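Fold and geometry: a report
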Amino acid sequence: MEWVLAEALLSQSRDPRVLLGTLCRGEASAERVETLRFLLQRLEDEGARGGGASALREAAREVAAGYLVPLLRGLRGCPAGGSDPRPPARHRRRVLRAAGAALRCCARLAGGPQLAAALAEEALGDLLAVWPASGAEAAVEVLAAVGPCLRPCEDGPLLERVAQAALAVALDGDEAGPAEDAAALVAGRLLPALGQSGGAALRAVWGRLVEPGTPSGPGRVGRRLLVLSALAEKLLPEPGADCAPRAREAGPDARRCWQFWRTVQAGLARAEDALTRKRARYLLQRAVEVSAELGADCTCAPQERNGPSLFWWSEKRKDELLKFWENYILIMETLEGNQIHVIKPVLPKLNSLFEYAVSEENGHWLFHPSWHICIYKRMFESENKILTKEGVIHFLELYEAKVLPFSLELSEFIIGPLMDALSESSLYSRSPGQPIGSGSPLGLKLQKFLVTYISLLPEEIKSSFLLKFIQKMTSRHWCAVPILFLSKALANVPRCKALGIEGLLALRDVLQCTMITHQILLRGAAQCYLLQTAMNLVDVEKVSLSDISTFLMSLRQEESLGRGTSLWTELCDWLHVNESCFRQPSTCSSIGLHETSSLNAYVKNLVQEYIKSPAWERENCFMPDWFEARLVAMMVLLAVDVEGMKIQYSEKRRTQNVLRIFLDPLLDALMKFGTNAYMPLLKTDRCLQLLVKLLHTCLLKGSSTQDDEVFTLLQNFVMSTTESISEFILRRLTMNELSSISDLDRCHLYLMVLTELINIHVKVGWKRGNRIWRVISPLKNASIRHLQEMDSGQEPTLGRQIQRVVSMAALAMVCEAIDQKPELQLDSLDAGPMERFLSSLQLNQTLQKPHTEEQSSFFEEPSSSQGWGKIVAQYIHDQWVCLSFLLKKYHTLIPASEGEVREPILPAVQMPIRTLQSALDALAVLPSDQVLPVFHCMKILVPKLLTSSESLCIESFDMAWKVISSLSNTQLIFWSNLKAFVQFVFDTKVLTIAAKIKGQAYFKIKEIMYKIIEMSAIKTGVFNMLISYCCRSWIVSASNVSQESLSSAKNYSELVLEACIFGTVFRRDQRLIQDVQTFIENLGHDCAANVVIENTKREDHYVRICAVKFLCLLDGSNMSHKLFMEDLAIKLLDKDELVSKSRTRYYVNSQQHRVKNRIWQTLLVLFPRFDQNFLNRIIDKIFQAGFINNQASIKYFIEWIIILILHKFPQFLPKFWDCFSYGEENLKTSICTFLSVLSHLDIITQNIPEKKLILKQALIIVLQWCFNHNFSIRLYALLALKKIWGMCKTMHVEEFGALTSVIESSLNQVENMHGAGNAKKNWQRIQEHFFFATFHPLKDYCLETIFYILPRLSGLVEDEWIAIGKFTSFTDIPLDAGFQWYLSPTQLCELKPGDWAQQDIGSNSGEADNQSEWTDVQKKIIPWKNNVPDLDLELVFQDRAAKLGKSISRLIVVASLIDKPTNLGGLCRTCEVFGASVLIVGSLQCVQDKQFQHLSVSAEQWLPLVEVKPPQLVDYLQQKKAEGYTIIGVEQTAKSLDLTQYCFPEKSLLLLGNEREGIPANLIQQLDVCVEIPQQGIIRSLNVHVSGALLIWEYTRQQLLKHGDTESGRLSLI
């Protein structure tokens, strides 16, 4: 076209200058400039016409200087999208491109190089002037145009400057915006043009590209690859240059430069955009192609001194190298798809890459491992987490099958990208089908990999690798799951001396990282593994005992390192083995005990240094931190237990001596407390802190302390100092010695010690007059006296206010001690001075701040001390603690209304309304961590006032709920507050009274109940506390009251109903946390965290477990129990009906599915308590549930409960028979449920003496369903028929006459089914299915079958499996010792989920992905009336169709022209499904093809097939025309009719064409009509099977509408 246009222009004028001048005038449109370019190119090709060469050169100069250069300059300042009235960006680029090409022609036509050099200089100046702003495109176009015209030698400096400027534009601009566009233009246009000049320009470009220290960010890498790909042909040698080696040597060879390959690898692995990665693959592939074509050896100098080359080529190993790089590039290209089903088949090729990469001779790397690392980096960076997981697993599995040589780069990859990928929690999820609690497959592979890899590391590398690995764990905030499995992997590394003090510090930092997570069990388990890591990997000769003890303090003893656990024992054993090996600190001095080990010497010195009073003490100093006390206490007990490992049973006394030696300084100091009034305050604080920590740490975890010799000795030592300590504490608390803010911490310490002393004395036996007894009474009296003096109106100085707070705290401690330990009751029930004082307290009294002159000392204390608001809150809290004690003691004196007591002796008790109002005021001012005693008081007051002051009680409910709902479940106080709230609002007395009066309080309680249930969806464990408390309280009331025990519970049966169906569908991250927690719990005592951390039973399962165990305790003979269960059962059935109506279509494992499943599980639990009268009320609802389209698991439960009902109450059989009489529409998706029940007729009739009538009725019903057109229905009917007929034979019933031959023939036919299709397999599978072969409705009736076995076998998600161990471990609701139906006695529990899924044809429920492979098949069984199978495929198809029991269709499908077995198999299946009368094929041998059978799924057995070879088609079509058939072709012709507009005659013959050639011309002449399918896409053809299926369905649809056959069976298209 361009050549024709140029010729036409030249033919119009003899002078090209005229033409050029004409084109240069007028508007500079793209078309005009392009025409100018065409003309110049033509002139350049053929020379001047009509003028001399000099005239043409002059004309070219004029065009260049007078038109093109000004045009390009004018376009330079025209930004895209600006307000300038110039062409838009796209049009502007077109003009620029055409003008540049025209300028290049002008430079060549002008002759000499001067014009090109001048234009280049000018354009270079313009480029440098405008860069980096926009507008550089014009200058780049000029340079790209004239660059090839410059001379390599003469213009070398100019070329070099142009190259440098071009690279600056390409590499140094911003990563987005105009600079990005300019860089692309330079790389695409200018640099290739400069590359043609060679020499200086190419050397300048290459030198800049490979210079050291170049930026390596993803954006910079993309720019560099852009340049390299643009210059690839120049930077790589030309394959045809073998004859000119000098020319090849003149240019650079990028293959020999390691910087080039590092850039390529960066593009492959780290580039964020696909285009950059594609450029990197292109460069790699081009380098491999060039190397193969050159046939010469090539080696890139290694970056490391001893490492392998980044790229090398050897002609001797050409085939091996080509195979390696072919596989490598294939893998990298496949990864671009980002789809795991496409990528996974290619991953085995990655294994072959490693086989190529390692030399079999010496085990060294042949290929640099960085190439393999690029693949893994690419997988790790994928947005598809499944692909990332596959990549991580593949890498971790490398060392299982092969041993790879050490590589520093591989080691750095593990510490870098691999660990970054391992930080993703979702990678640790279970594999499909893996049971809950079995552990993460990736976690196990990580453990194996780390053990193997570290064992293969050279000894000199091992320490540095482990240190970097652990330090990497400290470099980020890890989630709970990854840090757990990384710690577990480290803990399993074999023992080696790899870590010193730096490694120990790194492990301590990791421990601090684990404290971030809220998952306490996972946090504790990680700490256990990290301690095991330290014991395995630390070189004890490089660390001191002081370093070890400081590290141990990073562990939380309440979460991991508890005394008595296996971890504590392991630590003691480690200390025992290594105690003489630890590094001695330089400041260590001789202790003087030569016979004592270094550990004992360290601990003895530690205690001595701790007890010493520091020289810097001042009078009013703050209490010391607890850190040192914790450290000393733990090391003392560790040393004692280590010593206990050494001694024999005959040397038990030595333990006492060692403990005495350690604690002598402490005991001596404690004994002087009562007599030495001048003992330094800090020393007393430290001694008491150590005493408390010793007692707390010494407690054994997971076992009784009675047999613990160390704890007994410690108790005896403490008891010997009780008198001295108690006198000291009494003096400090009562003699006005506590007068500063910091003294409040001391008060807390003193009261804590006093509580511990009371506990010890109560354990050993309480005696009146003992030492501690003599402290409590004076302390109580002194506290009361102080408080009374403070109320006398004295000035509120700081000292007096502090003493007031101290006295109230002491009084609260005394009240709590007396309340919890009845042995401490000091007085009778008569109100004494303390009771009268407490009852007259001014509640919620706010302490005034100290006077101004004293506030200076107050505010000088550091910010860590308590603020005055916290002090006041603690004071009010202590008031309510005392009041709670008072109300509990005198709860019988609380009146229902205040008018009953005129002169109250105890105002707070006998004026409950005022007290409850004060409680509400307290909730308004107290922080949430101080409200517990207020809740305790409200629990006592509300039941007394609910009748008379309902509104006040409702207000108290609201205020308390406001406190609870404002808390987060991660706060430590949340659970204790929630427990108190539940005990207060849902107290049995409150529930009973509220239900009795049915006032607003009743509805408020129910409102709060539903709010708690709603809260439990986001705060797991909330509902657990509510249902557990209510069930336990109802059980207690049931055991105390005979007939009316659950009358109040009946009013709150919604609570039990919600508990029975409770359970949220968790997000993946929540499910992962639960899975890992279960895994840790399954480790048992092997993980110390399980022993130390209490199992709170907060999983959602325990809500249902609690409700079910509660229901199991109910007695059907107790009327109140019976009414409660019947009411619950009705509510459950109503809930099931509501769920079914709310969503007629629901998916497997959806929330609706799970709720319905739980409903029927609960009904099964309740069934034994149902009597006939109650079943009369609900039997219709149960049968109606069977008609609903349910998931398989729900069908099993419904069938099971119907079987149990009919077995126990056979009088319901007539109602059951009626279920088979409903209309076809009601039964087509549910009849399988009732047929399954009939399959267990032997169980149903077990207690019926006369079975013949029932058997006859069952046979008559089953036989009619054996004729059904639906495959599944006939299959279930035949199974029921076989079982019922077996019963008849066993009982020798011979009264069925003519039915006998029909039954025997049907059963023989299905048993002896011919063919290799799936029909016979399906018959075998359904007979072997657990529900019919193994399940026994009576023997298998137990909790394990209902809640674990049946959900597992029916394909429910593991979240719904409740193991029987959880029922037994949940002890809040104890079942009777005689409770027998926990476990299944049959073999049902040993079965695995089968491949039969009970799902009716026509059901829309369920997800196809969850169906077993064989259930995707839709087939039909030969009905009973076909007594003799006919294998003659040539049988007249009308007779064959009649014998098959099918309706005779008039559609013939002719597929003789189709070649591929897959298309024929698919068409066979489609024709059979839609009822075509016959399928014509070219050869009947196709049915033997495996591909045909795979697609047809045995359809050939139920569809007539006739062989008509292609040459016989003309005669066959003419014959069918004579029979009245319309011949329809599926073809696109000029006269084709649209499928949507065509009306099919009843007698239609559909001719399908060949896959490639369609319908031949000789057959088109035989067609009556051509029909084509309307299409919207670009591709104008469909697969022949798809085309045929569309026309077959359209024919079927039209015939159904024509005959009104809307009731025919719906089809499940798979």
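Further up the page is the structure itself.
Residues numbered from 1 in each chain as written. Predicted model: local features only at pLDDT ≥ 70, side-chain atom pairs only at ≥ 80, totals over all residues. Heavy atoms only, no water.

Description of the overall build of the protein chain
When helices and strands are counted, the protein chain shows 75 helices and nine strands. Split into buried and exposed, the 1614 residues of the protein chain put 57% on the buried side. Intrachain contacts of the protein chain at a sequence separation of at least 6 include 76% that bridge at least 24 residues. A total accessible area of about 69300 Å² is found for the protein chain, and carbon and sulfur atoms account for 51% of it. (Helix = DSSP H or I, 4+ residues; strand = E, 2+ residues; numbered from the N terminus. Buried < 20%, exposed > 50% of the residue type's maximum accessible area, 1.4 Å probe, protein only. Contact = heavy atoms within 4.5 Å. Areas by Shrake-Rupley, 256 points an atom, 1.4 Å probe, with all protein chains shown as cover.)

Description of the environment of Thr-1386
Here Thr-1386 is to be found in the loop between α69 (1364-1369) and α70 (1437-1443). Overall, Thr-1386 belongs to the buried group, its relative accessible area being 18%.

Let's talk about the sheet that holds strand β7 (residues 1537-1538)
Ordered in space as β5-β4-β3-β8-β6-β9-β7, the seven strands form an open sheet in which the pairing is parallel. Looking at strand neighbours, the two that pair on one side only are β5 (1505-1507) and β7, the edges of this open sheet. Inspection of the sheet shows strand β3 (residues 1451-1455) paired to strand β8 (residues 1548-1551) by four bridges, in the parallel sense. Residue pairing in the sheet places Ile-1452 in a bridge with Leu-1549 of β8. (Pairing = 2+ DSSP bridges.)

Observations concerning unusual backbone geometry
Of note, Lys-998 is a non-glycine position whose phi angle comes to about 50°, a positive value. Secondary-structure assignment places Lys-998 in the loop between α47 (988-997) and α48 (1000-1015). Backbone geometry at Asn-1149 places phi at a positive 65°, although glycine is not the residue there. Positionally, Asn-1149 belongs in the loop between α55 (1119-1142) and α56 (1151-1166).

Observations concerning the nonpolar core
One finds Leu-552, Phe-981, Phe-986, Trp-1160 and Phe-1216 to be the most contacted residues of the largest nonpolar core, which totals 493 residues. Among the elements that make up this core, the one with the highest residue count is helix α38 (residues 798-820) (14 residues). Setting aside residues no more than four positions away along its own chain, Phe-986 makes contact with Leu-991, Ile-1005, Ile-1008, Met-1009, Ile-1012, Leu-1026, Tyr-1029 and Cys-1030. Residues Val-1453, Cys-1486, Phe-1492 and Val-1530 belong to the second largest nonpolar core, which totals 34 residues. (Core = buried A, V, L, I, M, F, W, Y, C linked by side-chain atoms within 4.5 Å.)

Structural notes on the environment of Glu-955
Residue placement: Glu-955 occurs in helix α45 (residues 950-965). With 49 residues separating them along the chain, Glu-955 and Lys-1004 place their C-alpha atoms 9.8 Å apart.

Concerning the packing of aromatic side chains
Per the counting criterion, the structure on display carries 63 aromatic pairs. Ring plane angle 85° and centroid distance 6.0 Å describe the contact between Trp-325 and Phe-367, whose orientation is recorded as edge-to-face. Of this pair, Trp-325 sits in helix α16 (residues 318-335) while Phe-367 sits in the loop between α18 (348-357) and α19 (370-380); the two residues are 42 residues apart in sequence, bridging distant segments of the chain. The exposure class assigned to Trp-325 is buried, which follows from its relative accessible area of 1%. Of the residues examined, Phe-367 reaches a relative accessible area of 3% and is grouped as buried. (Phe/Tyr/Trp six-rings, centres within 6.5 Å; stacked < 30°, edge-to-face > 60°.)

Here's the deal with helix α52 (residues 1068-1082)
Taking 1.5 Å per residue as the helical rise, α52 with its 15 residues ought to reach 21 Å, and the 21 Å between its terminal C-alpha atoms agrees with that figure. For α52, the full list of buried residues reads Arg-1071, Leu-1072, Ile-1073, Asp-1075, Val-1076, Gln-1077, Thr-1078, Phe-1079 and Ile-1080. Within two residues after α52, Gly-1084 carries a phi angle of roughly 65°, on the positive side. (Expected span 1.5 Å × (residues − 1).)

Considering the pattern of salt bridges
A side chain with one charge may pair with a side chain of the opposite charge, provided their charged atoms come close. Going through the model one piece at a time under the given rule, you end up with 49 salt bridges. Note that Glu-289 and Arg-286 form a salt bridge whose closest N and O atoms lie 3.4 Å from each other. Of this pair, Glu-289 and Arg-286 both sit in helix α15 (residues 274-294), three residues apart, which is roughly one turn of the helix. Residue classification places Glu-289 among the partly exposed residues on the basis of a relative accessible area of 33%. For Arg-286, a relative accessible area of 16% translates into the label buried. Here Lys-612 and Glu-609 are joined by a salt bridge, their closest N and O atoms 3.4 Å apart. (Salt bridge = Lys/Arg side-chain N within 4 Å of Asp/Glu carboxyl O.)

Looking at the side chain of Glu-1126
The residue Glu-1126 is located in helix α55 in this model. Glu-1126 gets classed as buried once you look at its relative accessible area, which sits at 7%. In this structure Glu-1126 touches Asp-1171, Phe-1174 and Arg-1177, once residues within four positions along its chain are discounted.

Purely spatial values, then, with no claim about function.
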